[in-house]
Amino acid sequence: MRFKTTLTLTLTAVLAGNISWVSAASDEMQDTMAAAESSEFSPYVDAEGTISRPHEFRDKWVHIGSWFVREDDQASGPGVHDVYADPAAVEGFRETGQWPDGAMLVKEISSIREGQKTTGFAQWAGEPGVWFVMVRDRQNRFPENAAWGEGWGWALFTQASPETTTTATWKGEGFNNCFGCHTPAQDTEWVFIEGYPAVRDFAKYPK
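Residues numbered from 1 in each chain as written. Predicted model: local features only at pLDDT ≥ 70, side-chain atom pairs only at ≥ 80, totals over all residues. Heavy atoms only, no water.

Participant: When you look at the packing of aromatic side chains in this model, what are you seeing that I'm missing?
Facilitator: One pair of aromatic rings is described through two measures. These are the centre distance and the angle between the planes. As enumerated under the stated definition, the model contains 14 aromatic pairs in all. Their ring planes at 70° and their centres at 5.8 Å tell us that Phe132 and Phe175 sit as a pair that is edge-to-face. Here Phe132 is found in strand β4 (residues 120–136), whereas its partner Phe175 is found in the loop between β6 (152–158) and α4 (178–182), with 43 residues between them in sequence. With 5.4 Å between their ring centres and 75° between their planes, Trp170 and Trp190 make a pair best called edge-to-face. (Phe/Tyr/Trp six-rings, centres within 6.5 Å; stacked < 30°, edge-to-face > 60°. Helix = DSSP H or I, 4+ residues; strand = E, 2+ residues; numbered from the N terminus.)

See below:
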């Protein structure tokens, strides 16, 4: 009887251990699947929706347009705004007239340099100061992440934090007030398409 009791307790412990192991393995598999799904969606977005800043955008992406915001009392973000999109995003936009799922835009804002040149008094981009990143999400993948809203993921990177986004919510303050800045562009997918000659003639939005 004592032998049977000991054997029963041992088997119970083993089974409990196996169940615990299976549960842990299942959790790990779910995490792996979530990470893989996120990677397929975008290599710059992790399973929780945290956005990373691409490093190759200047060399391998399409420069879709620039903005020049002069320094005055009305300007909240003066500087030269150069905007890039990944090649697949540009190709998709030119085919459909709208940004495809997973499309990524990077805006690099640089200081303004100026001086007299042979063609006249000129102004040009100096050192970059901040980077804004937008990622198109048509499936609402990260409903619990406040940095995602209106079909986009939003992220700000600074010189002090070039590798880690400072955006906890896209309705923040200052440079993190993505909502306030982009509200006028709601009808064009929250993107000021008129400033991007590389794609704007392909746009298909209600007029």
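Participant: What am I meant to see in the environment of Cys178 here?
Facilitator: Counting through the fold element by element, Cys178 comes out in helix α4. By relative accessible area, which is 7% here, Cys178 ends up buried. As a C-alpha pair, Cys178 and Trp154 span 24 residues in sequence and 7.3 Å in three-dimensional space. Setting aside chain neighbours within four positions, we find Cys178 in contact with Trp154 and Trp170. (Buried < 20%, exposed > 50% of the residue type's maximum accessible area, 1.4 Å probe, protein only. Contact = heavy atoms within 4.5 Å.)

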